[in-house]
Amino acid sequence: HQALLNLTLNAFQCTSMHHRVEIRGQLHQQPIDLDMFVDGAEDRFVNREDFKNTAPLLALSVQDNGPGIPADVMPKIFEPYFSTQPRSQGTGLGLCIVHRLLKESRGAVHVHSKVGQGTVFTIYLPAHPVGQPSAFRLET
């Protein structure tokens, strides 16, 4: 919940202009093909080495159509206290906390951003079936 909350707050605060924020969830019944994630100017995949990439996996995406993340900023976004906001508007801890929570839960996050078009953060979390065919709980 905390990771999703931090990503959603970041999406809403990425600009003071009117913009759209969408949250989506998807259940993956197969492991994720990690070869499709290549770090670059517009993409980062974080926690690849500790990611428990076994199905089922819950993918939660937070997408905005804000300003996007510039290439020179992308490598820094998960660093503690890094922020593009003025000091009075943010602590720079939101994405650092997301990274820590995903590492602890053996999850991962993929960031895709295009300047002028927006950003998508997708977190992948291991899940376990519980009782009903469509009910899952996250691993802890």
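In what follows, the structure referred to is the one given above.
Below, the structure is looked at part by part.

About the thresholds
Residues numbered from 1 in each chain as written. Predicted model: local features only at pLDDT ≥ 70, side-chain atom pairs only at ≥ 80, totals over all residues. Heavy atoms only, no water. Helix = DSSP H or I, 4+ residues; strand = E, 2+ residues; numbered from the N terminus. Polar contact = N/O pair within 3.5 Å; in protein donor to acceptor, adjacent residues only side chain to side chain. Contact = heavy atoms within 4.5 Å. Salt bridge = Lys/Arg side-chain N within 4 Å of Asp/Glu carboxyl O. Buried < 20%, exposed > 50% of the residue type's maximum accessible area, 1.4 Å probe, protein only. Pairing = 2+ DSSP bridges. Phe/Tyr/Trp six-rings, centres within 6.5 Å; stacked < 30°, edge-to-face > 60°.

## Quick look at the side chain of Thr-122
- Of note, Thr-122 is situated in strand S5 (residues 118-129).
- Within polar-contact distance, the side chain of Thr-122 engages the side chain of Ser-61 at 2.8 Å.
- Setting aside its immediate chain neighbours within four residues, Thr-122 contacts Ala-59, Leu-60, Ser-61, Ala-108, Val-109 and His-110.

## Here's the deal with the pattern of salt bridges
- Scanning all chains against the criterion turns up 5 salt bridges.
- In this structure, the salt-bridge partner of Lys-114 is Glu-42, at a minimum N-O distance of 3.4 Å. With Lys-114 in strand S4 (residues 108-114) and Glu-42 in the loop between strand S1 (21-28) and strand S2 (43-46), this pair connects stretches of sequence that are 72 residues apart.
- With relative accessibility at 31%, the residue Lys-114 sits in the partly exposed group.
- Take Glu-42: its relative accessible area is 33%, and that puts it in the partly exposed class.
- For Lys-103, the salt bridge goes to Asp-50, with nearest N and O atoms at 2.5 Å.

## Some details on unusual backbone geometry
- A cis amide bond links Ala-55 with the next residue in sequence, Pro-56, at an omega value of 0°.
- Following the sequence through the fold, Pro-56 ends up in the loop between S2 and strand S3 (57-64).
- The backbone phi angle of Asn-47 is positive, close to 80°, even though this residue is not glycine.
- Looking at Asn-47, the relative accessible area reads 3%, which means it is buried.
- The residue Arg-106 is not glycine, and still its phi comes out positive at about 60°.
- Relative accessible area serves as the criterion here: at 43%, Arg-106 is assigned to the partly exposed category.

## Notes on the pairing of S3
- Taken across its 8 residues, S3 has 6 buried, putting it largely inside the fold.
- Two strands pair when backbone bridges link them, and S1 and S3 are joined in this way by 8 bridges, in the antiparallel orientation. Within S3, the position partnered with Ile-23 by the bridge is Val-62.

## Things to note about the packing of aromatic side chains
- Scanning all chains against the criterion turns up 6 aromatic pairs.
- Seen from their ring centres, Phe-37 and Phe-45 are 4.5 Å apart, and the 25° between their planes marks the pair as stacked.
- Classification of Phe-37 as buried rests on a relative accessible area of 7%.
- Look at Phe-45 and you get buried, because its relative accessible area is 5%.
- Plain terms: the ring middles of Phe-45 and Tyr-124 are 6.5 Å apart, the flat faces sit at 35° to each other, and that makes the pair tilted. With Phe-45 in strand S2 and Tyr-124 in strand S5, this residue pair connects regions lying 79 residues apart in the sequence.
- Under the relative-accessibility criterion, Tyr-124 is labelled buried at 8%.

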